[in-house]
Amino acid sequence: MPLRVYYDLMSQPSRAVYMFLRLNNVPFEAKPVALRKGEHFGEEYKKINPFSLVPAIDDDGFKLTESIGILKYLIGKYDLHEHWYPRQNLEKQARVEEFLHWQHLNTRFLCASLFQNLLIIPRATGKPIDLAAAEKFRKKVSTMVTQLEGYFLNDRKYLAGDEISIADIFGACELMQLFACQEHRLFESSPTVKAWMERVKKDTNPHFDEAHKMIYRTNSIYNEIAAKL
């Protein structure tokens, strides 16, 4: 049975997994899960992921639910290039791990929270955008961008060194949540972070654009959506 990958391209970790698979020519059977329709709460999907989240994989009966764990598993199984996740150099591996641990409460949480406050929560509840909450997360995102620039990209081309790694895949996909709700100026205001993002896009296209097609569409109609919130 082929590797089956369950995802929704509006989900940041789904985009990271999808893009990584395409980049590395890993064969898989695509199994889209429409979050907007609540398909992740269905009983059949819960057999794949009891937490009702995406992404998830089913590799001939071996099921895995966490995006970082999924990428590390695929790197090991297919013996993918060292630069994605160094196995031979402990210090380089530690740099990748450093960002992967940091991002949970920073790039991932903060970008997702602002996106949810500006789009998902108002649409789900029918209530107006909480402007105070949105502004609070804008300030936190701005602080996070300063930390990206001042530490992770201070003397490096990429988040963990001079070669692209899965840290960059996750980091870029997380910042793209801001693009969906037209808040990308928050990271583009940093020339260093903007240049890094462009570098990652160049290195990963056309797969970057393919993985973010729903984000680009949401950006293009966000003003129309926001006017109704």
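Residues numbered from 1 in each chain as written. Predicted model: local features only at pLDDT ≥ 70, side-chain atom pairs only at ≥ 80, totals over all residues. Heavy atoms only, no water.

Per an unreviewed UniProt entry, the chain goes by Glutathione transferase and derives from Elysia crispata. The record in UniProt for the chain states the following under Catalytic activity (unreviewed entry): "RX + glutathione = an S-substituted glutathione + a halide anion + H(+)". Listed in UniProt under the heading Sequence similarities (unreviewed entry), the comment for the chain reads: "Belongs to the GST superfamily. Theta family." (UniProt positions renumbered as here; feature names shortened; annotations may be inferred.)

Asker: Just checking my understanding: could you explain the UniProt feature "domain: GST N-terminal" (unreviewed entry) in the chain for this structure?
Answerer: UniProt marks residues 1-82 with the feature "domain: GST N-terminal" (unreviewed entry), using the numbering shown here. Spanning residues 1-82, this segment combines 33% helix with 20% strand, and its end C-alpha atoms are found 27 Å apart. (Helix = DSSP H or I, 4+ residues; strand = E, 2+ residues; numbered from the N terminus.)

Asker: I'm lost on unusual backbone geometry in this one. Help?
Answerer: Working note: non-glycine residues mostly have negative phi, and peptide bonds are mostly trans. Geometrically, the link from Val54 to Pro55 is a cis peptide bond, its omega value of 5° lying close to zero. In this structure, the amide linkage connecting Asn205 to the following residue, Pro206, adopts the cis form with an omega of 10°. Residue placement: Pro206 occurs in the loop between α9 (191-204) and α10 (207-211). Here Asp79, not a glycine, exhibits a phi torsion of approximately 50°, which is positive. Note on Asp79: relative accessible area 62%, which makes it exposed. Backbone geometry places Gln182, a non-glycine residue, at a positive phi of 55°. On the accessibility criterion, Gln182 (25% relative accessible area) is partly exposed. (Buried < 20%, exposed > 50% of the residue type's maximum accessible area, 1.4 Å probe, protein only.)

Asker: I'm lost on the nonpolar core in this one. Help?
Answerer: Across soluble globular proteins, nonpolar side chains show a tendency to be buried alongside one another. Core analysis: the biggest nonpolar cluster contains 67 residues, and Met144, Leu148, Ile166, Leu175 and Trp196 have the highest contact counts within it. Among the elements that line this core, the one with the most residues is helix α7 (residues 166-180), at eleven residues. Here Ile166 is in contact with Phe20, Leu71, Lys72, Ile75, Trp84, Tyr85, Val96 and Leu100, once residues within four sequence places are set aside. By size, the runner-up hydrophobic cluster in this structure holds six residues, among which are Tyr6, Val33, Ile48 and Ala56. (Core = buried A, V, L, I, M, F, W, Y, C linked by side-chain atoms within 4.5 Å. Contact = heavy atoms within 4.5 Å.)

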